[in-house]
Structures are given as structure tokens and as C-alpha cells.
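Topology and contacts: notes
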Amino acid sequence: MKKKITEISRRRFISNSACGGLATLGATGMLTSCMGTDNEIKKEVSDQGVIKSVVIRPYQLLCAVCNIGEDNTAADSEKIKAIRQNPDRPVTLVCNAGDIFAYQDPGPAEDMHGSFEFNRKRDLEILQRIDLPPGITLPGRIILHRIWDSIESVKGICDCGEMASESCKGCPKANSGFYEKGREISLLYAVPGWNSQLDFTEADLQGAQNAIIVPRTKEERTAEKERSIEAMKKAKAIGVRPHILLCAICQYGLGDRPPFETDNLPEMIQYIIKNPEAKIRIAEAADWMMCAPCPSLNKEGHCYNVKGRAGLTSQLRDVRVLHKLELSYGDVINAQELYRRIIERIPSSAMICGSISQGVEDPSVWDDECGHHTESLPEFVRGRKELAKEFGVDI
Ligand code: SF4
Ligand code: SF4
């Protein structure tokens, strides 16, 4: 009876973890080796289409890094291939933690290289280092960065050291250096922020073919820049997410003027200065018209700045801005009038951005480079003053 209750809870957990129209590449009974054979794929179709979430054991993510170091990504499981195809898809980490975390236990079907206890230890050692609980669902990119940042070597995780025995064999690749090399390659091509991988070109794609995260090429970003600037000039209203209206002020204060490589904000500011009739449409989240050339824009048009974490911090900044301006998503407003309102109602970057990361630090999902200030940033002060003059505001 007890077992049945656990089973039901676990199944509910896994389908709940993939709620909201996500399909799941499940963990239960899926992998028989690091290479893996997925045999249970559940699909749910939502109004927004299908997003496959991946349910995976922590050690299997480390195995994927080993495969990179071994130059053996052909061995990737379907789950790892799905993460490669979209590193921002939801990933749920499950392991046989038992006790009050038993609701997410996947069972021993994917255990490898030793006893149940060895497998529990290996998964929990990983979760301890990346400071995440079993059962957590996050965009894969966030989890990958936590692994690369916190786990330099698999020593003490995948091996058994002096305790090697029949019940604790350890992975034969634990001391091969594959993980360490795979981590180096992964970090070489990772895109932690909007100003990363600026010189990554089409010629570099061949070298990056094993990496899980492959940067956007300079050529692609340049072409998208041209296309989006053309679109901006033709638009009835320019799509901009709320908080980057303020970033445009910081950039102006820093002296950034067109052409600007990683976003279209300096171009937008010049355009609205020269076109008093220009309008802005308040976009919900990253909008291609401003973000098209950014290294942190994914194929689905979502922002993965700050190792994927800006998905949260930027949304909070956005709604803080809307609250101050008494505006809603989708509103269309004269651009100069909008900037006058921003300059009057938001005198400091600290009130929107400065406290976003209050009390936390990397790798918290609330940590952000702009989130740790109590006084308005000097560039915001300067940009606001200069734009107040442009738009005729007395401050
Ligand atoms: S402080 Fe705020 S407005 Fe300025 S660049 Fe950072 S996020 Fe943008
Ligand atoms: S994609 Fe994100 S980081 Fe890049 S410009 Fe847009 S909001 Fe900023």
C-alpha cells in the first residue's frame, strides 16, 4: 500500500513538473547507460504548442559533459539532444533522494556503476555542489551554468576512491579527464551575457560542434541588426520591453551612439529624437525589434541574459517600470511623451534595478549585474539629464 502511494505521488509529480502544456522526456526507466535509451516520452499539447521538458538524473548531465570531452557526442541520449536543440527548455532534476523528497524519486532503473547507495550519493553530491534540490525544474541553461561554475572535476563524485568495491565501482571514465576537458570546451562557447561571444563567427561553428550551447554568429547578428532597424523605421509603433527603455538611458549616459552592436536602443533613441511623431508599443518580454542583434536572444525570441537568469529579473524590472508609468503591455504611446514620463517618474535606476538582487549573490536566479546598487548609477544620472534636455523636461 505504501509503495502504491509513493508511485502515484511520483507520477503526479512528474506530470505536474511538466505542467502548462509541456511535453516530457521522462526519467523513469529511461536510461540504461550514460548513452541512454529513452523509452517513455509523454506529450501534452497546449495552446502555445508543444514544449518538451526533460526529466533527468543529475549525473546524466555530467555524462553529457564527459561525452564532449571524449569527442563522443554521438552517444548523447534523446534527452541531451533535446537540451542541445533548445538549452532553455525546462529541465527537471530527479534522483532517489527518498525521505520527504520521495515524491520525485525516479526509481533505480537508470542507476549505473554501482549500488543504489552509490547512485544516490553521486546524484546528491552533484545537487549539493550546484545548491539545488531534487525535483527542481529550471531552464536547462541555468542548470548547465551552475554545473560548469561549481563542478570543476568529477573527483569525489563519479569515482569511489579508496572505497571501490563490488557495490561501488564508480564510472570507468571518472579519472579519464573527459569531464574536465568537456567543461573547458563548454565554457569556451557558453554565452553568459549580452556582451559575450561578440567575435564568434561562422568560421568558428565547426570547432563548436560538440558544445551544448553554440553562440549566435556575428554574421547572423549583423544581418538581423540590419533587418530589425529597417523594421523599426517602418513600424507604426516600435516594440520595446519596459525596463530596456531605462537601459537606453544608461547607454545614452555612457555615450553609446549608433551603430551599436548588441541591441538597437541607441538607434531607437536617435530615431525618436528626430521623429517626434514616433510611437512605442510596450512589449511583454524581449522584443525582436530591439533585441535582434543581441548574443543573449535565443531562437524562440526569449532573452537568456545572465546565464539564463534574466528571464526572471528582467520581468520584475519590466513590471516595476509599468507600475511607475501606469502603463500595460500592448499600450501604444508617443515615444517622446513616454520618455518625458520616465524622466519625471523614475529619477533613479536604483528604484527599478538596484534592489533586484538585494540579499542574494551568484548563482541565485535573482542575481544580476545591475541589481546591486542603492544610489542611481552615474550613467543613468547623466543619460537622464541629457535626455531631459532633448525631450524638454525640467529636472
Ligand atoms: S541599471 Fe537598469 S536601466 Fe541601467 S543598464 Fe542596468 S538594467 Fe538597464
Ligand atoms: S535579449 Fe535580453 S539582454 Fe539582449 S537586448 Fe534584449 S533584453 Fe537586453
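Check the entry above for the structure.
Report follows, based on the coordinates. Remember, it's a predicted structure, so these values are computed and weren't measured experimentally.

When its secondary structure is counted, the protein chain shows 13 helices and eight strands. Taking all 395 residues of the protein chain together, 44% fall into the buried category. The contacts of the protein chain with a sequence gap of at least 6 include a subset with a gap of at least 24, amounting to 73%.

Quick look at the site of ligand 1 now. Neighbouring ligand 1 are the residues His243, Leu246, Cys247, Cys250, Ser349, Cys353, Cys370, Leu377 and Phe380. Ranked by residue count, the leading element in the shell around ligand 1 is helix 8 (residues 242-254), at four residues. Residue classes in the shell around ligand 1 are distributed as seven nonpolar, two polar and no charged.

An order of 6-7-8 is seen for the three strands of this open sheet, with the pairing classed as mixed. The open sheet has two edge strands with one neighbour each: strand 6 (238-240) and strand 8 (332-334). Adjacent strand axes in the sheet meet at a mean angle of 35°, parallel and antiparallel pairs treated alike. Pairing between strand 7 (residues 279-282) and strand 8: three bridges, direction antiparallel. Across the sheet, residue Arg281 finds its bridge partner in strand 8, namely Val332.

Neither face of strand 4 (residues 90-93) is left uncovered, since the one carrying Pro90 and Thr92 and the one carrying Val91 and Leu93 both have all their residues buried. Relative to strand 5 (residues 137-139), strand 4 is paired through three bridges, and the arrangement is antiparallel. Across the sheet, the residue bridging to Thr92 is Thr137, located in strand 5.

This part is about the site of ligand 2. The environment of ligand 2 is made up of Trp194, Ile244, Asp263, Ala286, Cys291, Cys294, Ser296, Leu297, Cys303, Asn305, Ala310 and Ser314. Looking at the shell around ligand 2 residue by residue, the classes come out as eight nonpolar, three polar and one charged.

On to the nonpolar core. Counting 43 residues, the largest nonpolar core has Val240, Ile244, Leu246, Ala248 and Met268 as the members making the most contacts within it. At the level of secondary structure, the elements contributing two or more residues to this core comprise strand 6, helix 8, helix 9 (265-274), strand 7, helix 10 (288-291), helix 11 (310-325), helix 12 (335-345) and helix 13 (378-390). The dominant element in this core, judged by the number of residues it contributes, is helix 8, at eight residues. Leave out the neighbours within four places in its chain, and Ala248 touches Leu265, Met268 and Ile269. Counting residues in hydrophobic clusters, the runner-up holds 38 residues, among them Cys66, Leu93, Cys95 and Cys158.

Now for the environment of Gly135. The topology assignment puts Gly135 in the loop between helix 4 (116-130) and strand 5. When the 20 C-beta atoms within 10 Å are taken as the criterion, Gly135 is described as buried. Placed 34 residues apart in sequence, Gly135 and Phe101 show a C-alpha to C-alpha distance of 7.9 Å.

Conventions we followed
- Residues numbered from 1 in each chain as written.
- Chains lettered and ligands numbered in written order.
- Predicted model: local features only at pLDDT ≥ 70, side-chain atom pairs only at ≥ 80, totals over all residues.
- Helix = DSSP H or I, 4+ residues; strand = E, 2+ residues; numbered from the N terminus.
- Buried ≥ 20, exposed ≤ 12 C-beta atoms within 10 Å, placed from the backbone.
- Contact = placed C-beta atoms within 7 Å.
- Near = placed C-beta within 6 Å.
- Nonpolar A, V, L, I, M, F, W, Y, C, P; charged D, E, K, R; others polar.
- Pairing = 2+ DSSP bridges.
- Axes fitted to C-alpha atoms, helices over the stretch in contact; angles between N-to-C directions.
- Core = buried A, V, L, I, M, F, W, Y, C linked by C-beta atoms within 7 Å.

The values are spatial; any link to function lies outside them.
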